[in-house]
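Summary of structural features
The lines below spell out each chain.
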Amino acid sequence: MKRFSSFLLILFLLLLISFYIGNNIWADNDLKKNPLRDIKNFVFFYGKGNVDKLEKYDLVVIQDYTLTKDEVQYLKSKGIKVVVYVTIGESDVDPNTIGIPQNCVLGKNENWNSWFIDARCEVWQNLVLNKMKNLINEKGYDGFFLDTLDTAVVYPDTKPGMVNLVKKIRDSFPNAILIQNRGFQLLEDTGKYIDAVLWEDFASGYNFVSGKYEKNTISDALVKKQKDLAEKYGYIILALDYSDEDDVELINYVKSQWQKYGILGSITDLYISKIYDLSKPVKPREYAMDNIDQLVIMGKNDKDYIYGDGWKDLENIYGTFARRCEGWSAGVVLTFKEKKDSIFYVTIYDGGVQDLALKITTYNGQNWLFIASIPVGDSETFKTYEVKIKKEEMYDNDPNVPFIQQKFGFQGARVVFIGYPNKPEIHFGKYEITKKKDRIVGNAGLLSSKNVEVLVLDSNNNVLEKFFIDELKPNEVKEMEYKFPKGTDISELFLKADPDNKIDEIIKENNILKVNVK
């Protein structure tokens, strides 16, 4: 009887311990064998190749097209963990083409031209799981980078479906590395299934409005909360930040924030197309502004330099010609005097919120490498931007022609000119009776323009009104108000902006933006 009682007591204690461990197995980091626990560095890279650079990291996160099967296996043979990108909250292709029911489509993500998908949809879950199985079978990846979980944050009703999908992924791939991208509101439910969470834009990010990489404000309380969750469930936090490769101040700031909060981080460009070497001090570059004297003017000499069916028909916008570039089949060839870090300029019409950004790539003979993203808004004005290209991004696509002949790809805006203007000041004026702010003059130039005289003219070139502006800064606009006398035929009015009496120089030498505008 005593033996039986002792047996029951031991059995009860074993069950109690089992229950405790089962409910707290993720609470103790030692109980969860996290394959990422000891990594010293990592990199995200969505370009192609670069195995020699990738093998310097403990963990690499790539797209499936980045490496061949042999390259994946080579990195794995070096002890490097290779993780592949998978989107589980958005579809990169039209849902209708892959059999996703219409009631599973939540909306469209205009930023990335993708579709939000309801993770509760069984068809979608099966598509995701099948794709992941194929990726493992074809190339033998170590795991998956799970992107777009934030769909369940945008559409909270779908949260249970997203959590269930992550659980299904863990059940289907019990030994795979799983890295969750953001989706912080889901971590209380998904934390037990993952090995890491990626804190994208931790200390810096890209501002599509300003067109620049900028510092992000970090909340001490939020970092503490996330670190507590990570400790509770046994996953690690990785930070991915964005910067220009030679932005010394921003990169040093980002690295200081990693150190401050004890988080392992990596830095890349907006489209994750470059591998930055952060093992050496960052040195600023000096970009030549006179390495190109070519000017591609839409509607004048553009046919000599542009190619591809991505360039659409000419549009006359306030008397200025522009071409919209769609897809990546809108190409331009620019000629540089020599291979060195250089700047060229692009003027766009900043109109149409569906554009969001003009993306520019350079061609290396095999692939198109991202070099710039220019913000596009709906100000309905013309703006000029600098585009920097590094000497190692020049490949001389036609060595039989003198100097450096470099191909560029354009996508996502209405382009007015590309190259290097002879004059720093480029003016435009517009008049629209249907709009509240109907008389506007602007400087879509590279330098400030001073002593600008603005004339309101009728169709016979008679001056109806004069305005004077002391200074127009680059990409700055001024609005003017003029009450026309009764009987004025306002359908025939024009604006004329004349900085320092340079109107003839600007029109004759540049002929970029017509200043007399109806």
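The structure under discussion appears in the preceding block.
Keep in mind it's a predicted model, so treat the numbers as computed, not measured.

Details of the state of the cysteines
- Evaluated as defined, the whole model comprises 1 disulfide.
- Across the disulfide from Cys 104 sits Cys 121; the S-S distance is 2.3 Å. Where Cys 104 bonds to Cys 121 through sulfur, the torsion about that S-S bond is close to 80°, and the disulfide is right-handed. With Cys 104 in the loop between strand 4 (90-91) and strand 5 (105-109) and Cys 121 in the loop between strand 6 (114-117) and helix 4 (122-139), the pair connects residues that are 17 residues apart, well separated along the chain. One exposure class covers both Cys 104 and Cys 121, and it is buried.

With respect to the packing of helix 4 against helix 6 (residues 159-172)
- In the contact formed by helix 4 and helix 6, the axes pass within 11 Å of each other and the chain directions differ by 30°. Relative to helix 6, the element helix 4 is oriented roughly parallel. In this structure, the crossing between helix 4 and helix 6 has a hand that is right-handed. Between helix 4 and helix 6, the residues in contact are Trp 124, Gln 125, Leu 129 and Met 132 and Gly 161, Asn 164, Leu 165, Lys 168, Ile 169 and Ser 172, respectively.
- Partitioning the contact of helix 4 with helix 6 into residue classes produces 5 nonpolar, 4 polar and 1 charged.

As for the packing of aromatic side chains
- For the structure on display, the rule yields 21 aromatic pairs.
- Ring centres of Phe 336 and Phe 344 lie 6.4 Å apart, and the angle between their planes is 65°; this geometry places the pair in the edge-to-face category.
- Using a relative accessible area of 0% as the deciding quantity, one classes Phe 344 as buried.
- With a centroid separation of 5.4 Å and 70° between ring planes, the pair formed by Phe 382 and Phe 428 is classed as edge-to-face. Of the two residues, Phe 382 sits in strand 22 (residues 381-389) while Phe 428 sits in strand 25 (residues 427-431), which places them 46 residues apart along the sequence.

Concerning the sheet that holds strand 2 (residues 59-62)
- One open sheet accounts for 8 strands, arranged 1-2-3-7-8-9-12-13; its pairing is parallel. Strands with a single pairing partner mark the edges of an open sheet, and in this sheet they are strand 1 (42-45) and strand 13 (264-268). Here the strands of the sheet are splayed against their neighbours by 25° on average, with no regard to which way each runs.
- Here strand 7 (residues 143-147) pairs with strand 8 (residues 177-181) via 4 bridges, running parallel. Among the inter-strand pairings, Phe 144 is bridged to a residue of strand 8, identified as Leu 178.
- Set on the sheet, helix 4 makes contact with strand 3 (81-87) and strand 7; between it and strand 3 the angle comes to about 155°.

A closer look at the nonpolar core
- With 91 residues, the main nonpolar core has Ile 88, Phe 144, Ile 179 and Phe 202 as its most contacted residues.
- One finds Met 298, Val 387, Ala 413 and Ile 418 within the second-largest nonpolar core, a separate group that totals 29 residues.

Procedures and definitions
- Residues numbered from 1 in each chain as written.
- Predicted model: local features only at pLDDT ≥ 70, side-chain atom pairs only at ≥ 80, totals over all residues.
- Heavy atoms only, no water.
- Disulfide = S-S within 2.5 Å.
- Helix = DSSP H or I, 4+ residues; strand = E, 2+ residues; numbered from the N terminus.
- Buried < 20%, exposed > 50% of the residue type's maximum accessible area, 1.4 Å probe, protein only.
- Axes fitted to C-alpha atoms, helices over the stretch in contact; angles between N-to-C directions.
- Parallel < 35°, antiparallel > 145°, perpendicular 65-115°, else oblique.
- Left-handed = near helix turned anticlockwise from the far one by under 90°.
- Contact = heavy atoms within 4.5 Å.
- Nonpolar A, V, L, I, M, F, W, Y, C, P; charged D, E, K, R; others polar.
- Phe/Tyr/Trp six-rings, centres within 6.5 Å; stacked < 30°, edge-to-face > 60°.
- Pairing = 2+ DSSP bridges.
- Core = buried A, V, L, I, M, F, W, Y, C linked by side-chain atoms within 4.5 Å.

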